[in-house]
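Summary of the model geometry
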Amino acid sequence: MPISIPIRVAHQAAPKPKLAMPFAVPGQTILTSLPPLALYVHVPWCVRKCPYCDFNSHAAPDTLPEARYLEALAADLDQSLPLVWGRKVVSIFIGGGTPSMLSAETVDAMLAMIRSRLPLLPDAEITLEANPGTVEAGRFQAYAASGVNRISLGIQSFDDASLKALGRIHDGNEARAAIEIAQRFIPRVNLDLMFALPGQTADACRQDLETALSFGTTHLSVYHLTMEPNTVFAKYPPILPDDDVAFEMQDVIEERMTAAGFEHYEVSAYAKPGARCFHNQNYWEFGDYLGIGPGAHGKLSFHDRILREARVRSPDTWMAQLLAPTEGATHLAESRVVPPADLPFEFMLNALRLSDGVPTASFTERTGLGLQVISRPLAEAVRKGLLDPDPTRIKATPLGARFLNDLQELFLGDPET
Ligand SMILES: C[S@@+](CC[C@H](N)C(=O)[O-])C[C@H]1O[C@@H](n2cnc3c(N)ncnc32)[C@H](O)[C@@H]1O
Ligand code: SF4
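In this text, all values refer to a predicted model and were calculated from it rather than measured experimentally. (Residues numbered from 1 in each chain as written. Chains lettered and ligands numbered in written order. Predicted model: local features only at pLDDT ≥ 70, side-chain atom pairs only at ≥ 80, totals over all residues.)

Time to look at the environment of Met101. Structurally, Met101 can be placed in the loop between β4 (89–96) and α2 (104–117). On the basis of neighbour count, Met101 is assigned to the buried category, with 20 C-beta atoms found within 10 Å. Met101 sits 298 residues away from Leu399 along the chain, and the two C-alpha atoms are 42 Å apart. The residues touching Met101, leaving out its near neighbours within four places in the chain, are Trp45, Val47, Ala60, Leu64 and Thr134. (Helix = DSSP H or I, 4+ residues; strand = E, 2+ residues; numbered from the N terminus. Buried ≥ 20, exposed ≤ 12 C-beta atoms within 10 Å, placed from the backbone. Contact = placed C-beta atoms within 7 Å.)

The subject of this paragraph is the site of ligand 2. Close to ligand 2 lie Cys46, Lys49, Cys50, Cys53, Phe55, Ser57, Gly96, Gly97, Thr98, Asn131 and Gly154, which account for all nearby residues. Considered class by class, the residues forming the shell around ligand 2 number 4 nonpolar, 6 polar and 1 charged. (Near = placed C-beta within 6 Å. Nonpolar A, V, L, I, M, F, W, Y, C, P; charged D, E, K, R; others polar.)

Let us now look at the environment of Leu323. Turning to its location among the elements, Leu323 is positioned in helix α10 (residues 315–323). The spacing of Leu323 and Lys235 is 88 residues in sequence and 36 Å in space, taken between C-alpha atoms. Those residues in contact with Leu323 that lie beyond four places of it in its chain are Arg68, Glu71, Ala72 and Ala75.

Moving on, we come to the pairing of strand β12 (residues 297–302). Burial analysis of β12 places 5 of its 6 residues in the buried class, the great majority of the element. Of the strand pairs in this sheet, β12 and strand β13 (residues 305–311) are connected by 6 bridges, and their pairing is antiparallel. Looking at the pairing, Phe302 lines up with Arg305 of β13. Joining the antiparallel neighbours β12 and β13 is a turn of 2 residues. (Pairing = 2+ DSSP bridges.)

The domain boundaries assigned to the protein chain delineate domain 1 (37–283) and domain 2 (303–412). Here domain 1 and domain 2 have C-alpha centroids that lie 23 Å from each other. Every contact between the two is made by 14 residues of domain 1 and, on the other side, 12 residues of domain 2. Counting residues per element, the side of domain 1 that touches domain 2 draws most heavily on helix α1 (residues 66–80), at 6 residues. Across the side of domain 1 that touches domain 2, the residue classes tally to 7 nonpolar, 3 polar and 4 charged. (Domains from an automatic or database assignment.)

Bringing the packing of α1 against α10 into the picture now. What describes two packed helices is the angle between their axes and the distance between those same axes. Contact pair α1 / α10: the axes reach a minimum separation of 9 Å and the direction vectors enclose 60°. It follows from the interaxial angle that α1 and α10 lie oblique. Crossing angle aside, the handedness with which α1 passes α10 is left-handed. Residues Arg68, Tyr69, Glu71, Ala72, Ala75 and Asp76 of α1 lie in contact with α10, whose contacting residues are Trp318, Met319, Leu322 and Leu323. Looking at side-chain class alone, the contact of α1 with α10 contains 7 nonpolar, no polar and 3 charged residues. (Axes fitted to C-alpha atoms, helices over the stretch in contact; angles between N-to-C directions. Parallel < 35°, antiparallel > 145°, perpendicular 65-115°, else oblique. Left-handed = near helix turned anticlockwise from the far one by under 90°.)

Bringing the confidence of the model for the protein chain into the picture now. Here the protein chain averages 93 in pLDDT, and 92% of its residues register 70 or above. Taken as a whole, residues 1–11 scores under 50 in pLDDT and shows 23 contacts with residues more than four places along the chain or in a different chain. Counting contacts from residues 13–26, a segment whose pLDDT is below 50, to residues more than four positions away or on other chains yields 34 contacts. (pLDDT = per-residue confidence, 0-100.)

Ranked by internal contacts, the top residues of the largest apolar core, which has 105 residues, are Leu39, Val41, Leu153, Ala182, Phe195 and Ala351. Other than its neighbours up to four places away in sequence, Leu39 contacts Val89, Ile92, Ile114, Leu118, Tyr289 and Leu290. (Core = buried A, V, L, I, M, F, W, Y, C linked by C-beta atoms within 7 Å.)

Where burial is concerned, most of strand β1 (residues 37–43) is hidden: 7 out of the 7 residues are buried. Across 5 bridges, β1 lies against strand β11 (residues 288–292) in parallel orientation. Each bridged residue has a counterpart across the sheet, and for Leu39 the counterpart in β11 is Leu290. As paired elements, β1 and β4 share 7 bridges and run parallel to each other. Considered in β4, the bridge of Leu39 is made with Ile92.

Moving on to the UniProt feature "domain: Radical SAM core" (unreviewed entry) in the protein chain. According to UniProt, the positions carrying the feature "domain: Radical SAM core" (unreviewed entry) are residues 31–263. Each end of residues 31–263 is marked by a C-alpha atom, and these two atoms are 32 Å apart; helix forms 40% of the span and strand 22%. (UniProt positions renumbered as here; feature names shortened; annotations may be inferred.)

Helical periodicity: at 3.6 residues per turn, an α-helix aligns residues three or four positions apart in one direction. The first and last C-alpha atoms of helix α6 (residues 202–214) sit 18 Å apart over 13 residues, in line with the 18 Å expected at 1.5 Å per residue. Turning to α6, its buried residues number three or more, namely Ala202, Cys205, Asp208, Leu209 and Ala212. Down the axis of α6, the smallest arc covering the buried residues is 115°, so these residues share one side. In this structure, α6 carries Asp203, Glu210 and Ser214 as exposed residues pointing more than 90 degrees from its buried face. (Expected span 1.5 Å × (residues − 1). Arc of directions from axis to C-beta.)

Right, here's the structure in full:
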């Protein structure tokens, strides 16, 4: 029986590792070089909460507290700077929530605030997530002038009935208009689609793809709609297409995207050559990221340890703790050194999502652990046909990609070692 593959990419690819069994590893992580550093900025508000969504997003108040949010963001970044002194930032992802609810002035001030504190590579990818129901030409032109060079649009579907069933604030016409506006002003535009939607047929899924492709888009993220705990859909589940239909849709997506010249480079991501999302690719290659804003996660490497951080999720508490801190309380919900025994699984959770995998040497570069600590699970994965036998790359076979959870779990550790 196929197990379910985690199809959706959290923008913050913060893995939720199960408690790993101890590997026989040295007690200390020693990194001889640090990976690329990205910055994630979380914007926690949406026009309204979608019934399927478990992101840290909240229905916005009548007036967004943009000035206060920006002030808190600057304080959050200031407090984080000692963790990344001297490092250049390779990409910024302003995610949410719905960052396109922010005014042009706020996005401009946000990017100026970041640039004044952190050195950015001159060609840094700067992505902003947008909901088609909040797209306006004037604002998008201004975002571009401030340095945003990539937009990720949450289209989900072009079909009015599907959009209604998903509780979206936009319809098919608004989705099409939003793409045109984004493409007019921003050099790179990603479209998010979801499939296996309530009442959706394989033909309707194909039609959504055709419409997306008709805009000449170069990057598509296609997510299997998942029922997440603590959402309205978890409480009142909609009637979804059965597994056979969902598999048929996956085949349709694979065939159509390949025929259109896209590389299926990650579980849910398709790109034309040269159009991959640099920021997400860095997550999957086990790169570093600083996350600021409510609920944001971070992963930061040092020569002797890897740190994981999370901010408190409530926007009001996060702002209050940064702007008027109460004694003993902090805007951080978590800050912990990752035990070396957890690193193999965390690394594989990300790297094996990439269709090309990663160079084998990057395991040691990114975790500080010798390859020998995973020699047993590596051999077992190859023996089971889940991992490519090429010793220079860590890469899932087509079977391994299909049974990705099984493959990743082999790296949870071996109680006997
Ligand atoms: C933060 S949202 C994108 C921007 C904006 N908030 C929007 O929805 O238009 C990120 C993407 O995650 C996907 N997503 C959210 N919840 C999902 C779920 N339960 N199952 C699958 N994909 C989901 C959607 O495709 C969505 O566009
Ligand atoms: S607009 Fe996006 S982030 Fe906001 S609730 Fe809907 S899916 Fe979630």
